[in-house]
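# Reading the structure
Residue-level listing of the chains:
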Amino acid sequence: SLMVYTFSDSVAAFGSPSRDKTAGRRAVVRTRAKGDTALYDALIRVIRDMSALQGKKVIAVFTDGDDNTSSLGAENVIRRAKAAGIPIYTIAQGTALANPALPKLLAEISNGTGGLPFSIREPKEIQQVFDAVAKDLAHGYLLTVAPASEGKSSWRSLGVKLPNKPGYKVRAREGYYP
């Protein structure tokens, strides 16, 4: 299913989750870059909405500018996405590429939540981004952990290592909240 949101200084959802690819394309085509950018507040809203849904979830967010109106920060986004188990794939474009700090911050959000960061200069590059995201999702493995019940609700770190596999790369969640 696909859900399309737009954001500037506020967040708007285009319909409800749907498997209708045509409706999804129409929603994306209707989006327009304008006004201020409340990127972090928008991501918090999307995480909240998606947390209520069943199944595997990911967020792909396109931004053409730095956040300049959110009441919450990037660290809140990372913490909430980690708690919900939702990876965020960030795509910087347009004027977002003029500020070297923004792609770095977007990479922190993606890497901190299990997603990947991207930067595009031309609209035709979008297909490559979605191909890379699809490949990333298709080649993931699910490992489960049954930790001892310690009664604490704080962050628990995880580590995944592949001994004797020098050509392999592991990208995994850094941990979880029980």
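## Some words on the overall build of the protein chain
The number of helices and strands found in the protein chain is five helices and seven strands. Helices and strands in the protein chain line up, N terminus first, as β-β-α-α-β-α-β-α-β-α-β-β. Taken against the 2.2 N^0.38 rule, which gives 16 Å for 178 residues, the C-alpha radius of gyration of the protein chain at 17 Å falls within 12% of a compact globule. Overall, the C-alpha framework of the protein chain stretches about 50 × 40 × 35 Å when taken along its three principal axes. By residue count, 30% of the 178 residues in the protein chain fall in the buried class. Accessible surface, the protein chain: about 11,700 Å² in total, of which carbon and sulfur atoms supply 53%. The average position of the 25 basic charges and that of the 16 acidic charges among the side chains of the protein chain differ by 8 Å.

## What about unusual backbone geometry?
Even without being glycine, N164 reaches a positive phi, approximately 60°. Checked against the element boundaries, N164 lands in the loop between β6 (156–157) and β7 (175–176).

## Looking at the sheet that holds strand β5 (residues 117–120)
Pairing is parallel across the open sheet formed by three strands, whose spatial order is β3-β4-β5. The open sheet has two free edges, formed respectively by β3 (59–63) and β5, since each of these has just one partner strand. Mean inter-strand twist for the sheet, computed between neighbouring axes without regard to direction, equals 20°. Packing against the sheet, helix α2 (residues 39–51) makes contact with β3 and β4 (88–93), and its axis sits at approximately 160° to β3. Sitting on the sheet, helix α4 (residues 101–113) touches β3, β4 and β5, and the angle it makes with β4 is about 165°.

## Brief notes about the side chain of D67
Structurally, D67 can be placed in the loop between β3 and α3 (74–84). Of the side chains with opposite charge, R80 lies nearest to the buried D67, which makes no salt bridge, at 13 Å. A polar atom in the side chain of D67 sits 2.8 Å from the backbone nitrogen of L39. Within the structure, D67 has its side chain in polar contact with the side chain of S70 (distance 2.5 Å). Aside from chain neighbours lying at most four places away, what touches D67 is T37, A38, L39 and Y40.

## So, the packing of α2 against α3
A pair of packed helices is characterised by two quantities: the angle between their axes and the separation of those axes. Running from N to C, α2 and α3 cross one another at 15°; their axes reach a closest spacing of 9 Å. The orientation of α2 with respect to α3, classified from their angle, is roughly parallel. The element α2 and its partner α3 pack so that their crossing is left-handed. Along its contact with α2, which presents Y40, L43, I44, I47 and S51, the element α3 presents A74, N76, V77, R80, A81 and A84.

Here is what the cut-offs are and how they apply
- Residues numbered from 1 in each chain as written.
- Predicted model: local features only at pLDDT ≥ 70, side-chain atom pairs only at ≥ 80, totals over all residues.
- Heavy atoms only, no water.
- Helix = DSSP H or I, 4+ residues; strand = E, 2+ residues; numbered from the N terminus.
- Rg over C-alpha atoms; globule rule 2.2 N^0.38 Å.
- Buried < 20%, exposed > 50% of the residue type's maximum accessible area, 1.4 Å probe, protein only.
- Areas by Shrake-Rupley, 256 points an atom, 1.4 Å probe, with all protein chains shown as cover.
- Lys, Arg positive; Asp, Glu negative; His and termini not counted.
- Charge placed at Lys NZ, Arg CZ, Asp CG, Glu CD.
- Pairing = 2+ DSSP bridges.
- Axes fitted to C-alpha atoms, helices over the stretch in contact; angles between N-to-C directions.
- Contact = heavy atoms within 4.5 Å.
- Salt bridge = Lys/Arg side-chain N within 4 Å of Asp/Glu carboxyl O.
- Polar contact = N/O pair within 3.5 Å; in protein donor to acceptor, adjacent residues only side chain to side chain.
- Parallel < 35°, antiparallel > 145°, perpendicular 65-115°, else oblique.
- Left-handed = near helix turned anticlockwise from the far one by under 90°.

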